[in-house]
Amino acid sequence: MMIPPSSSKRVGSNQPAAFRSTSDVTEKTEEGEPSIKRLCKDFRLLKSPSKAGLPVRCSSTGDIPVGKDCRGQISGTRAAVYAAPNLPVVPKSPTSDLPLYKVVSVMEQKGSVVLTVQSLTAPAATIRTCVLRGFWVQTSVVTGDQVVIIGSFDEQHECIIDDNHNFLILHPDTLISPTLIGGAGYCKRKALLQEMIRSETTMEMFVGTLVHDLMQRTAVAISRVARTNGGQPTESSAEILTGLLRDPRYRQDMYTLELTTEEITKIASSFLPNIEKWAWTEFRKAGLVIADIEEWIWSPRYGVKGRVDMTLSAAGRIVPLEIKTGKESWATSHTGQVLLYTLLLSEKHGQSISEGILYYTKTGGYRTINAEQEHLGALIQMRNDISNYLKR
């Protein structure tokens, strides 16, 4: 099952990805239970193609499932490069453990905002207190809002959220993409308009989608033989590119953009040396394995949904890889996406993931992005601002 370019998170459909949150999730069931609990339950049953035993885009000659030859434990001294410091593990908890609350009252104090909240998932209607401090006092929360509080309550049923501890997720039923959240750092209005008003396929979008597909397929092919002496992929990267350009969905965009096969081959081929160098180096010496390609994750706990370009496994640790085809900028919009993917993968896989990799195919530059509480909190705040705009 090959995902067409038009379904990519970069080309998108006519309906903005950030606004495709279920419209009825805040309604009540016949038993008066918040519908977001049903939403969470449905999401827990969804699996990415490789987890469900479905084929993943790995070869232009056909869809190859990611199996044991692409997975498994790895060893090697360079695997330590991807070792992450210990952070609180996000458990794979049942739906009833989702820390969902309704705001009963909001009271401003000097240097803080005190929220009185009522649990919507606990057996009894427990009343608790959440104190916002630091930059969290800027959260636009009002009575009646639904929130997720990620943090522990003390014996007085009080939880403090500040710059260094815990998170508050506003309107968690509104799932927003990391691309939108990262881009809103420069201008929220521009980021929202880009999601609301989708333009037709441009040259940059087409090349970006093609190179993403090319790198993913090439990485899978090389990863299978990288640790074999003298091993060569059954299909070279040039052959993979040729196969991709025969795909009718790519050819349709080529026709729209008035591109010849020779022109786009020349452009895409310029990325191949860096892609091959990275794949051979990492999969041979670092001992990385590919856990998944284009892994979709929906998280009502964080109010975020996204598709990870490549999910890597190093010595049992999960590491997200974000692929960029433009200029090597290390912009906050790019690093922010990587950080948000660490949250999503931490929840899905039930382990602490405190770093990811950002890779630029044009220059071959890549580095590890470390997730820190302060940076994650700022991204969650940005996400809250966007969700607040969409809800009001």
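Relevant structure appears above.
Right, let's walk through the structure included here. (Residues numbered from 1 in each chain as written. Predicted model: local features only at pLDDT ≥ 70, side-chain atom pairs only at ≥ 80, totals over all residues. Heavy atoms only, no water.)

**Quick word on the packing of aromatic side chains**
Aromatic ring pairs: the centre-centre distance and the angle between the two ring planes describe each pair. Applicable threshold: Aromatic pairs are defined between Phe, Tyr and Trp rings, using the six-membered ring for Trp, whenever the two ring centres lie within 6.5 Å; interplanar angles under 30 degrees are classed as stacked, those over 60 as edge-to-face, and all others as tilted. For the purposes of this entry, the term helix denotes a DSSP run of H or I that reaches at least four residues, the term strand denotes a run of E that reaches at least two, and both are numbered from the N terminus. Categorising residues by exposure relies on relative accessible area from a 1.4 Å probe, with only protein chains included: less than 20% of the type maximum marks a residue as buried, more than 50% marks it as exposed, and the intermediate range marks it as partly exposed.
Taken as a whole and assessed by the stated rule, the structure comprises nine aromatic pairs. Centroid distance F135 to W136: 5.5 Å. Interplanar angle 35 degrees. Geometry classified as tilted. Pairing W136 with F167 gives two aromatic rings, centres 6.4 Å apart and planes at 55 degrees, and the pair type is tilted. A residue pair is termed long-range when its members are at least 10 positions apart, and W136 in the loop between strand 5 (127–132) and strand 6 (146–150) and F167 in strand 8 (residues 167–170) qualify at 31 residues. Given the relative accessible area of 6%, F167 is considered buried.

**A closer look at the sheet that holds strand 11 (residues 317–324)**
Selection rule: Should DSSP find at least two bridges between two strands, the strands are taken to pair. Only C-alpha atoms enter the line fits that serve as axes; for helices the fit covers just the stretch in contact. Angles between N-to-C directions range over 0 to 180 degrees. Whether two residues are in contact is decided by their heavy atoms, any of which lying within 4.5 Å being enough.
Read from one edge to the other, the open sheet built from five strands follows the order 9-10-11-12-13, with strand pairing classed as mixed. In the strand order of this sheet, the two ends are held by strand 9 (289–299) and strand 13 (366–370), each with one partner. Taken pair by pair, the neighbouring strands of this sheet meet at an average axis angle of 35 degrees, ignoring direction. Pairing analysis gives four bridges linking strand 11 to strand 12 (residues 355–360), with the strands arranged parallel. Its bridge partner lying in strand 12, I323 is registered against Y359. Contacting strand 9, strand 10 (304–314), strand 11 and strand 12, helix 4 (residues 203–223) runs over the sheet at an angle of about 135 degrees to strand 9.

**A closer look at unusual backbone geometry**
Look at H171: it is not a glycine, yet its phi comes out positive at around 50 degrees. The exposure class of H171 is buried, given its relative accessible area of 5%. Located in the positive-phi region is E258, a residue other than glycine, with phi close to 60 degrees. For E258, the location among the structural elements is in the loop between helix 6 (248–256) and helix 7 (261–269). Residue classification places E258 among the exposed positions, given a relative accessible area of 69%.

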